[in-house]
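Close look at the chain arrangement
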Amino acid sequence: MASLKVPATVPLPEEDAEQLYKSFKGWGTNERMIISILAHRNATQRSFIRAVYAANYNKDLLKELDRELSGDFERAVMLWTFEPAERDAYLAKESTKMFTKNNWVLVEIACTRSALELFNAKQAYQARYKTSLEEDVAYHTSGDIRKLLVPLVSTFRYDGDEVNMTLARSEAKILHEKIKEKAYADDDLIRILTTRSKAQISATLNHYKNNFGTSMSKYLKEDSENEYIQLLKAVIKCLTYPEKYFEKVLRQAINKLGTDEWGLTRVVTTRAEFDMERIKEEYIRRNSVPLDRAIAKDTHGDYEDILLALLGHDHA
C-alpha cells in the first residue's frame, strides 16, 4: 500500500495546471503550492497535469520546474513528476554516465521492479535516449560486473507464485558448490539469479539455508570488500527482501556524515506509490525511530516538506 495521501476531492487537471502556471509567475516561485499539488497526486493524475499544461500553455511542465527550482528540492520534484517508467529510465541513464555512474541503482531497478515495470522502463529508455539500456550497461561496465548486470537488465522474469521444489533443491546445491569454490561469477550462478522468478529464487535460497546451515548472503560476507560480491548480495536482497534493501539505503543515506540526498530522494520518490509502508515498518524495526522523524531531523525547508508529503506526513 502507498503512503501517499490523495485528497478525497481532487481538483481537475486544468485547475492544477493553472495553479502551477501561476506559481511560476511573479517574484519568485510558490514552492508550497507546487508541493500541495504534485505531492498529492498519483502517477495518472500527474501525467494528466503534464498533458494539460503542455496543451494549455504550450510549455513542458518538467522544463518549467527545472528552470524555476534548484538543488535537492528540484531533484525530488522532478523525479516525482516523471511517470514511473520514465523515472526509472532517467535514473538508469544517469547510472551509466561517467560522473554519476552507479551500478547499485541498476541492480535496484532490475531487481525490485516487476517484470512489466522493468520492461516499461526499458521502453521509456529507448524512446528518450535512442539507445537500449542493455547496450549502455554493456558499454559502461566490464569483467564480472558486466557479466552480471547485462543479463540482469535484459531479463523478463516469470512473475507468478508457482515454484518447482525439485528445481529449488537442485539449484540450491549448484549455488552452494559455486560459493564453496568461490566461483562467484560462474555462468550457472549468474543464470539462476538473472532468469528465475523471485518466488523460485526465494525457494532456492530457503533450501540453501536449510540444507547448508547458513544463508548464501552470509557465505558472501567473507569477500565483501569486492564490488562484484557486494552487487551480488544486493541482487539477492533486492529480489527477496526489497524493503530490507531500501531500509539500508535510507539508513546509510541519513546516517552518513552529510546526508546522501541522492539516495534519500531516489528511494522516497520511487517507492512512495509502491511499497513505502513496508519500508517504513522495516525502518522503525531496525532503527527504533520512525522514518519521517529521521528525515525531518536530517533535512530542512522545501526539500524536507516534499519528502514528508510523499511519506504521507505533511507539516500542518
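What this report covers is the structure whose coordinates are included nearby. The model shown is predicted, which means the values in this text are computed figures rather than measured ones. (Residues numbered from 1 in each chain as written. Predicted model: local features only at pLDDT ≥ 70, side-chain atom pairs only at ≥ 80, totals over all residues. Heavy atoms only, no water.)

In this section: the overall build of the protein. Check the secondary structure of the protein and you find 20 helices and zero strands. Scaling as 2.2 N^0.38, a compact globule of 316 residues should have a C-alpha radius of gyration of about 20 Å, and the protein matches this with 21 Å. Within the protein, counting contacts between residues at least 6 apart in sequence, those at least 24 apart form 70% of the total. Counting every atom, the protein has about 15300 Å² of accessible surface; 51% of that belongs to carbon and sulfur. Taking the 47 positively charged and 49 negatively charged side chains of the protein as two groups, their mean positions are separated by 4 Å. (Helix = DSSP H or I, 4+ residues; strand = E, 2+ residues; numbered from the N terminus. Rg over C-alpha atoms; globule rule 2.2 N^0.38 Å. Contact = heavy atoms within 4.5 Å. Areas by Shrake-Rupley, 256 points an atom, 1.4 Å probe, with all protein chains shown as cover. Lys, Arg positive; Asp, Glu negative; His and termini not counted. Charge placed at Lys NZ, Arg CZ, Asp CG, Glu CD.)

Scanning the model with the defined rule gives 22 salt bridges in all. Its salt-bridge partner being R191, residue E171 comes within 3.2 Å of it at the nearest N-O pair. A residue pair is termed long-range when its members are at least 10 positions apart, and E171 in helix α11 (residues 165-180) and R191 in helix α12 (residues 187-195) qualify at 20 residues. The salt bridge involving D188 is made with R191; its shortest N-O contact spans 3.1 Å. (Salt bridge = Lys/Arg side-chain N within 4 Å of Asp/Glu carboxyl O.)

A separate point is the packing of helix α10 (residues 143-154) against α12. Between α10 and α12, the shortest axis-to-axis distance is 9 Å and the interhelical angle comes to 30°. On the basis of their axis angle, the class for α10 and α12 is roughly parallel. Considering the relative orientation of α10 and α12, their crossing is right-handed. Every residue of α12 that contacts α10 at K147, L148, P151 and L152 is listed here: D187, I190, L193 and T194. Of the residues in the contact of α10 with α12, the class split is five nonpolar, one polar and two charged. (Axes fitted to C-alpha atoms, helices over the stretch in contact; angles between N-to-C directions. Parallel < 35°, antiparallel > 145°, perpendicular 65-115°, else oblique. Left-handed = near helix turned anticlockwise from the far one by under 90°. Nonpolar A, V, L, I, M, F, W, Y, C, P; charged D, E, K, R; others polar.)

Going through the model one piece at a time under the given rule, you end up with zero disulfides. Sulfur of C111: no disulfide; nearest cysteine sulfur belongs to C238 and is 5.7 Å away. Judged by its relative accessible area of 0%, C111 is buried. (Disulfide = S-S within 2.5 Å. Buried < 20%, exposed > 50% of the residue type's maximum accessible area, 1.4 Å probe, protein only.)

The biggest cluster of nonpolar side chains holds 86 residues, and the ones touching the most others in it are L65, V107, M216, Y228, L264 and I295. Sort the elements by how many residues they give to this core and helix α15 (residues 227-240) lands first, with nine residues. When residues no more than four places from it in sequence are discounted, the contact partners of L264 are L250, A253, I254, T259, I295, T299, Y303 and L307. (Core = buried A, V, L, I, M, F, W, Y, C linked by side-chain atoms within 4.5 Å.)

This part takes up the environment of K297. By the element assignment, K297 lies in helix α19 (residues 291-298). C-alpha separation for the pair K297 and I254, spaced 43 residues apart in sequence, amounts to 9.3 Å.

Moving on, we get to helix α7 (residues 103-112). Here α7 lies mainly inside the structure; nine of its ten residues are buried. A side-chain oxygen of the first residue of α7 lies 3.0 Å from the backbone nitrogen of W104; this N-cap is N102. (Polar contact = N/O pair within 3.5 Å; in protein donor to acceptor, adjacent residues only side chain to side chain.)

So, on to the environment of M165. Within the secondary structure, M165 is located in helix α11. Spatially, the C-alpha atom of M165 lies 52 Å from that of Y53, the residues being 112 residues apart in sequence.

With that settled, consider the packing of aromatic side chains. Applying the stated rule across the entire model yields ten aromatic pairs. Taken together, Y21, F24, Y53 and Y57 form an aromatic cluster joined through their ring pairs. One Lys or Arg, K25, reaches over the ring of Y21 and ends 4.6 Å from the middle of that ring. (Phe/Tyr/Trp six-rings, centres within 6.5 Å; stacked < 30°, edge-to-face > 60°. Lys NZ or Arg CZ within 6 Å of the ring centre and 35° of its normal.)

Not every positive phi belongs to a glycine, and K130 is a case in point at roughly 60°. With respect to the element layout, K130 can be found in the loop between α8 (115-129) and α9 (133-140). Positive phi values are uncommon outside glycine, yet K182 reaches one of about 60°.

This brings us to a positive patch on the surface. A surface patch of positive charge is lined by K209, K218, K221, K237, K244, K248 and R286. Elements supplying a minimum of two residues to the positive patch: α14 (216-221) and α16 (242-255). (Patch = residues over 30% accessible without salt bridge, like charges linked within 9 Å, V, L, I, M, F, W, Y side chains within 5 Å.)

Time to look at helix α6 (residues 84-95). Structural remark: α-helix, 3.6 residues per turn; residues separated by three or four positions point the same way. Given a rise of 1.5 Å per residue, twelve residues ought to cover 16 Å, and the 16 Å separating the end C-alpha atoms of α6 matches this to within 8%. Burial of α6 is extensive: nine of the twelve residues sit out of reach of the surface. Among the residues of α6, those classed as buried are E86, R87, D88, A89, L91, A92, K93, E94 and S95. (Expected span 1.5 Å × (residues − 1).)

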